[in-house]
Amino acid sequence: MQPELKIKIEQRENLLNRVRKMLISALHLNASPEELDPETTLFATGLALDSVDAVVIIVELEAEFNISISEEESMLALRTINSLVDLVLIKMKENETV
Amino acid sequence: MKLSKESEIGYHAIRSGVAFSEDPDLLCLQIKGDSALDVLDKICPCDIFLQNGQMKHTLLLDDNGIPFADIYVCMEDFNTYILGYCKNADTLIEWINFRANTIEDYAIIDLMKTHFCINLDGPYSWELASEVFGSDILSLPYLSMLETNDFIVFRGGRTGEYGYHFLVPKPQKNSWLEKVKSQGAAYKIKQADKTALSQCALENFFFDLYKEGSYGLSPMELQLQWRLSTQKNEYPGASAIKNIKKTGWNQRMVCFISPEELNPNDKITYEGIEIGQVLSIGYSPIRGDYVGKALLIKPYWHSGLDGFYVNNVPVKTISAPSITNLSLKVSPYRNSYHTRKESI
């Protein structure tokens, strides 16, 4: 495997696991990290979260990853666990370039 | 394959306005009697904590833990319902009766023998639905149902947009359809065929029993663990699921995009090594490329990766859903189809 892909996969796995653990801890989910598939939707179906949970997720993500998330960004990111990871990756890259 | 002109018209109506469709594949069973909830509890892998009018998305599994039905379970006034997709209703009824053989005081009614399903999908389907079927529709949250003297409505859908399944008595089918079409004219309503609905489901990563569901994959491989309870131990397929969780799984279905047309079963490679296969694929008119579902082995099973090929075509994994649904920006409290250009 090319080193570039290896790094990408390791980074993605690492962030995915951190986001899963954050969700379990912040929302008191009765599940293990492996039981939260990356494409699990957050609202209605999937984890069936509500608007209060949405605020909790954003606050926890900002604290865990030292990032700042706007309302518009959160609307697009609060769809699946994977979309949260995508947002964290973008924000971390932004922080690196600043 | 790109959508036919007819399918594309229906597709755009789903994505930007309202589309109606007839759904001959949808099945709806009503389970009546004092033990109706016990029956659901016995056969479903999810927890059956249903409030009145609530729907819950789950699966039915065979003894190997493989899904053979993609269903909602619902409850209204102590009647329970199974709404969804399975090979056929008679086989499902037989399976339920076999599994619930120790339970008495229940009866299963196949509602599709007496009813017909009309679907309304689209970011403004709520508005037309409330005009045709009554304003109570507006107060229906996602995953809830309502039974009236004239129809039963389930708010679900598989397009990522607002979606409603209306079950109307067969003798009234044509009058309801005419009403939908005539009042829908103000919404430029179009009919969506199976291909259009299937493409929308694919773009939003909804499970398709007839596509990826035909590969004999487990809920873990399909990323459908959320349809199963993490606490429940007794249901058909439970021991197989427990075993898979214990031993782990090495492949997972992911969303991907391709600039060119590919086919189901095409092999996906990285540096010449096979890492998976295409399960389903379709052209996305909104994106302008092909969206698909692929089964990839660990550790290539993540989104956001590229460098993968199908023959010489580069493919890239992405997070689902592959599009941003207009329904996310449309609110029944603030918006209207008739003022959409000013308000969205």
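Residues numbered from 1 in each chain as written. Chains lettered and ligands numbered in written order. Predicted model: local features only at pLDDT ≥ 70, side-chain atom pairs only at ≥ 80, totals over all residues. Heavy atoms only, no water.

A.B. asks: Help me out: how do you make sense of the sheet that holds strand 1 (residues 19–22) of chain B in this one?
C.D. replies: The pairing of strands in a sheet comes from backbone hydrogen bonds and takes either a parallel or an antiparallel form. Residue and element names in this part refer to chain B. With mixed pairing, the six strands of this open sheet are ordered in space as 8-9-10-7-1-11. Strands with a single pairing partner mark the edges of an open sheet, and in this sheet they are strand 8 (144–147) and strand 11 (190–191). Of the pairings in the sheet, the one linking strand 8 to strand 9 (residues 152–155) comprises four bridges and is antiparallel in character. Across the sheet, Leu-146 pairs through a bridge with Val-153, a residue of strand 9. (Pairing = 2+ DSSP bridges. Helix = DSSP H or I, 4+ residues; strand = E, 2+ residues; numbered from the N terminus.)

A.B. asks: Help me out: how do you make sense of the interface of chain B and chain A in this one?
C.D. replies: Interfaces are often sized by the accessible area lost when the parts come together. At the junction of the two partners, chain B supplies 36 residues and chain A supplies 27 residues. For the pair chain B and chain A, the two sides together bury roughly 2500 Å², of which 55% comes from carbon and sulfur. Three residues, Gln-223, Trp-226 and His-302 of chain B, lead the burial of chain B against chain A; their summed loss comes to 21% of the area buried on that side. Inspection of the region where chain B meets chain A yields two salt bridges. At the boundary of chain B with chain A, the tally comes to 17 residue pairs in polar contact (both at pLDDT 80 or more). (Contact = heavy atoms within 4.5 Å. Buried area = accessible area lost by both parts, 1.4 Å probe. Salt bridge = Lys/Arg side-chain N within 4 Å of Asp/Glu carboxyl O. Polar contact = N/O pair within 3.5 Å; in protein donor to acceptor, adjacent residues only side chain to side chain.)

A.B. asks: Where do I start with the packing of helix 1 (residues 3–27) of chain A against helix 4 (residues 81–97) of chain A in this structure?
C.D. replies: When two helices pack together, their arrangement is given by the angle between their axes and by how far apart the axes lie. Residue and element names in this part refer to chain A. Running from N to C, helix 1 and helix 4 cross one another at 120 degrees; their axes reach a closest spacing of 10 Å. Relative to helix 4, helix 1 is oriented oblique. As helix 1 runs across helix 4, the sense of the crossing is right-handed. Listed contacts from helix 4 to Gln-11, Arg-12, Leu-15, Leu-16, Val-19, Arg-20 and Leu-23 of helix 1 are Ile-81, Asn-82, Leu-84, Val-85, Asp-86, Val-88, Leu-89 and Met-92. Classifying every residue of the contact of helix 1 with helix 4 by side-chain character gives ten nonpolar, two polar and three charged. (Axes fitted to C-alpha atoms, helices over the stretch in contact; angles between N-to-C directions. Parallel < 35°, antiparallel > 145°, perpendicular 65-115°, else oblique. Left-handed = near helix turned anticlockwise from the far one by under 90°. Nonpolar A, V, L, I, M, F, W, Y, C, P; charged D, E, K, R; others polar.)

A.B. asks: Even after reading the chapter, I still don't get the packing of aromatic side chains, so can you show me in this structure?
C.D. replies: Residues and elements named next belong to chain B. In this structure the tally under the stated criterion is 17 aromatic pairs over all chains. Aromatic side chains Phe-133 and Phe-151 sit 5.1 Å apart centroid to centroid with 80 degrees between the ring planes, which places their arrangement in the edge-to-face category. In this pair, Phe-133 is assigned in helix 4 (residues 125–133) and Phe-151 in the loop between strand 8 and strand 9, connecting sequence segments 18 residues apart. Each member of the pair, Phe-133 as well as Phe-151, carries the same accessibility label: buried. An aromatic cluster is present here, built from Tyr-124, Trp-126, Tyr-162, Tyr-187 and Tyr-337 joined pairwise through their rings. Over the face of the ring belonging to Phe-205 we find Lys-293, whose NZ or CZ atom lies 5.5 Å from the ring centre. (Phe/Tyr/Trp six-rings, centres within 6.5 Å; stacked < 30°, edge-to-face > 60°. Buried < 20%, exposed > 50% of the residue type's maximum accessible area, 1.4 Å probe, protein only. Lys NZ or Arg CZ within 6 Å of the ring centre and 35° of its normal.)

A.B. asks: Where do I start with the pattern of salt bridges in this structure?
C.D. replies: Where side chains of opposite charge bring their charged atoms close, a pairing between them can arise. Within this structure, the stated rule accounts for 16 salt bridges over all chains. Between Lys-113 of chain B and Asp-90 of chain B there is a salt bridge; the shortest N-O distance is 4.0 Å. With a gap of 23 residues between them, Lys-113 of chain B in the loop between strand 6 (107–110) and strand 7 (115–121) and Asp-90 of chain B in helix 3 (residues 89–99) connect regions that are remote in the sequence. Among the charged side chains, a salt-bridge network with shared partners connects Glu-73, Lys-91 and Glu-94 of chain A.

A.B. asks: What exactly am I supposed to notice about the sheet that holds strand 6 of chain B here?
C.D. replies: Residue and element names in this part refer to chain B. Strand order in this open sheet of five strands is 3-4-5-2-6, and the pairing throughout is antiparallel. Every other strand in the sheet has two partners, leaving strand 3 (55–61) and strand 6 as the edge strands with one partner each. In this sheet, neighbouring strand axes are inclined to one another by 30 degrees on average, regardless of whether the strands run parallel or antiparallel. Across the sheet, helix 2 (residues 36–43) lies against strand 2 (27–32), strand 3, strand 4 (67–76) and strand 5 (79–86), angled at about 35 degrees from strand 5, the strand it touches most. Across the sheet, helix 3 is in contact with strand 2, strand 3, strand 4, strand 5 and strand 6; its angle to strand 2 comes to roughly 35 degrees.

A.B. asks: Would you mind showing me how to read the packing of helix 2 of chain B against helix 3 of chain B here?
C.D. replies: All names here are of chain B. Where helix 2 contacts helix 3, the axes come no closer than 10 Å and their chain directions differ by 95 degrees. In terms of orientation, helix 2 lies roughly perpendicular with respect to helix 3. Across the interface between the two elements, Val-39, Lys-42 and Ile-43 from helix 2 touch Trp-95, Ile-96 and Arg-99 from helix 3. Looking at the contact of helix 2 with helix 3 residue by residue, the classes come out as four nonpolar, no polar and two charged.

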